[in-house]
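# Report on the structure
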Amino acid sequence: HRATEASYAAVGTPVEGTMLTVLRAASDAALLAAGVAGAPAREVFAAAASAAREALRHTPEQLRMLAEAGVVDAGGRGITVILDAAETVVTGRRPSPVKGPIGTHHIPIPARTDHLQGDLTPDGPAYEVMYLLDADEERIPLLRAALRPLGDSLVVVGGEGLWNVHVHVDDVGA
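We now turn to the structure provided with this report.

### Observations regarding the pattern of salt bridges
Across all of its chains, the model carries 5 salt bridges by this definition. With its nearest N and O atoms 2.6 Å apart, the salt bridge here joins arginine 53 to aspartate 84. You can see arginine 53 sitting in helix α3 (residues 41-57) and its partner aspartate 84 sitting in helix α6 (residues 74-91), a full 31 residues away along the chain. Given a relative accessible area of 8%, arginine 53 falls into the buried group. The exposure class assigned to aspartate 84 is buried, which follows from its relative accessible area of 14%. The closest approach of N and O atoms between arginine 53 and glutamate 87, which form a salt bridge, is 3.3 Å. Taken together, the residues span a long stretch of sequence, with arginine 53 in helix α3 and glutamate 87 in helix α6 at a distance of 34 residues. Given a relative accessible area of 5%, glutamate 87 falls into the buried group. Taken together, the salt bridges that share partners define one network made up of Arg53, Asp84 and Glu87.

### Notes on the packing of helix α2 (residues 19-34) against α3
Relative orientation of the contacting elements α2 and α3 amounts to 150°, with a least axis distance of 7 Å. Classified by the angle their axes make, α2 and α3 are roughly antiparallel. Judged by the twist between their axes, the crossing of α2 over α3 is right-handed. Here Thr21, Val22, Ala25, Ala26, Ala29, Ala30, Ala33 and Ala34 of α2 lie close against α3, whose contacting residues are Glu43, Val44, Ala47, Ala48, Ala51, Ala52, Ala55 and Leu56.

### Things to note about the pairing of strand β2 (residues 151-159)
Successive residues of a regular strand alternate their side chains across the two faces of the sheet. Two strands pair when backbone bridges link them, and β2 and strand β3 (residues 162-169) are joined in this way by 7 bridges, in the antiparallel orientation. The residue bridging valine 156 from the neighbouring strand is valine 165, located in β3. If you look at the hairpin formed by β2 and β3, you'll find 2 residues sitting between the two strands, and glutamate 160 has a positive phi there, around 55°.

About the criteria used
Residues numbered from 1 in each chain as written. Predicted model: local features only at pLDDT ≥ 70, side-chain atom pairs only at ≥ 80, totals over all residues. Heavy atoms only, no water. Salt bridge = Lys/Arg side-chain N within 4 Å of Asp/Glu carboxyl O. Helix = DSSP H or I, 4+ residues; strand = E, 2+ residues; numbered from the N terminus. Buried < 20%, exposed > 50% of the residue type's maximum accessible area, 1.4 Å probe, protein only. Axes fitted to C-alpha atoms, helices over the stretch in contact; angles between N-to-C directions. Parallel < 35°, antiparallel > 145°, perpendicular 65-115°, else oblique. Left-handed = near helix turned anticlockwise from the far one by under 90°. Contact = heavy atoms within 4.5 Å. Pairing = 2+ DSSP bridges.

By themselves these figures say nothing about function.
Structural data, given as structure tokens:
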């Protein structure tokens, strides 16, 4: 549950239909299962994994881009793989597979635009910027505020003076 809260806090503008949604569904189910007196770990893991699979199935309903491509969120799928592996280890049985298709063979071709930046989609940033930053923790809210209007998928995580910064932008120099 704390990891889910930290994940939402780390992302500049959280979007439902992503791995965040899958994480929240898993942690909510785990908390509920763990709240039952004497609940064995295997039931907690099974509940989390099942909820994650169900949330993953609904990600295309939450993000138009996923629905148009005929796929589920890749990060969310990664979460289900990890939780399915944990469930298998603690229960000794393989979990139920995701119901319904999790993708299609249709691979969308990125749209070309006339922008000099070479956008991959007409409405999305062209560049992914990632770097490590040495900074005091009190400066991080200012950094987030400065980067937020420049693009999307802003994530600033770390601590103890070392931060991992990630943002999608059209203007790398900014």
